[in-house]
Amino acid sequence: MRKAILIALVAAVVVPAGIGAVTDGDSQKAAAARSATANPAASGTAAARPEIHKRLIPYPKKRKREMAAYSKRHYGAYKWRLRNPKLIVIHYAVAGSIGAIYNTFAPDNPDVEFGELPGVCSHYAVGGGGGIAKFVPPSIRCRHVVGLNHVAIGIEHVGFSDADILNRPAQLNASLGLTQWLRCRFGIPIDGVIGHNESLSSPYYKELDPRFKGQTHGDFNHASMEMYRADLRKLGSC
Ligand SMILES: [Zn+2]
């Protein structure tokens, strides 16, 4: 996520602890679903769909129009649909629960960094216990990474640092299972799974607005993503 934005928003919202625990208690189910991904068949579409809890944020026509206008300004074409995603971008949310992340994304407010609409969001979030929530279908664009929202699915994580997620096996395994399923579904290679902090070096990076050019955030740097991708590789090819 946009780190600075979330720090500001999460601080402003003051979400009670535990409000978002809806999906965090499902690590066992998620683990069971994931175990099926450990031995992908040689045929190709092997990754099993993990247990995903639908918790869609409001995304009415107004927000779609705003997303299309954002895309026009930043990528050159008026579009809100995400077709043929090329990347999966990994974030941490600077938030302590999926509920806190949901509460940041649901209201369609201008972001605090640039004052633009639509409000920021990600497609999925992974809780500290391994529960997975779906906020937005991956067929719709979300604002989660400057320069790549026209090609990228975003996955947020409950946590406050890369190490938080990398050191929580239930959360990391759920994340890997979700990423593997998504990348196999959309034909995204492992090097198309990047950290937010790696955004500027992506070959898909495009930014027309000089105010936004060169902007990235610190979440999931290259060293952390080398570990994440190494673990992802262990799940096998699609
Ligand atoms: Zn981020």
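Enquirer: Where do I start with the packing of helix 6 (residues 169–186) against helix 7 (residues 222–234) in this structure?
Expert: The packing of two helices is summarised by the inter-axis angle and the distance between the axes. Where helix 6 meets helix 7, the axes come as close as 10 Å, and the angle between the chain directions of the two elements is 65 degrees. Classified by the angle their axes make, helix 6 and helix 7 are roughly perpendicular. Here the hand of the crossing between helix 6 and helix 7 comes out right-handed. Contacts between helix 6 and helix 7 pair Leu-172, Ser-175, Leu-176, Thr-179, Gln-180 and Arg-183 from the former with Tyr-228, Asp-231 and Leu-232 from the latter. Its residues assigned to classes, the contact of helix 6 with helix 7 shows 4 nonpolar, 3 polar and 2 charged.

Enquirer: How should the environment of Ile-88 be read in this particular structure?
Expert: Within the secondary structure layout, Ile-88 lies in strand 2 (residues 87–90). For Ile-88, a relative accessible area of 0% puts it in the buried group. Along the sequence, Ile-88 and Val-151 sit 63 residues apart, while their C-alpha atoms lie 8.6 Å from each other.

Enquirer: Is there a simple way to explain the packing of aromatic side chains in this structure?
Expert: Within a pair of aromatic rings, the relevant descriptors are the distance that separates the centres and the angle that separates the planes. Taken as a whole and assessed by the stated rule, the structure comprises 6 aromatic pairs. Look at Phe-105 and Phe-135: their rings are 5.8 Å apart centre to centre, the planes differ by 85 degrees, and that puts the pair in the edge-to-face class. Here Phe-105 is found in helix 4 (residues 98–105), whereas its partner Phe-135 is found in the loop between strand 4 (132–134) and strand 5 (152–157), with 30 residues between them in sequence. A network of ring pairs unites the aromatic residues Tyr-70, Tyr-75, Phe-114 and Phe-212 as a single cluster. The lysine or arginine in question, Lys-64, covers the ring of Trp-80, its NZ or CZ lying 4.9 Å from the ring centre.

How each quantity is defined
- Residues numbered from 1 in each chain as written.
- Predicted model: local features only at pLDDT ≥ 70, side-chain atom pairs only at ≥ 80, totals over all residues.
- Heavy atoms only, no water.
- Axes fitted to C-alpha atoms, helices over the stretch in contact; angles between N-to-C directions.
- Helix = DSSP H or I, 4+ residues; strand = E, 2+ residues; numbered from the N terminus.
- Parallel < 35°, antiparallel > 145°, perpendicular 65-115°, else oblique.
- Left-handed = near helix turned anticlockwise from the far one by under 90°.
- Contact = heavy atoms within 4.5 Å.
- Nonpolar A, V, L, I, M, F, W, Y, C, P; charged D, E, K, R; others polar.
- Buried < 20%, exposed > 50% of the residue type's maximum accessible area, 1.4 Å probe, protein only.
- Phe/Tyr/Trp six-rings, centres within 6.5 Å; stacked < 30°, edge-to-face > 60°.
- Lys NZ or Arg CZ within 6 Å of the ring centre and 35° of its normal.

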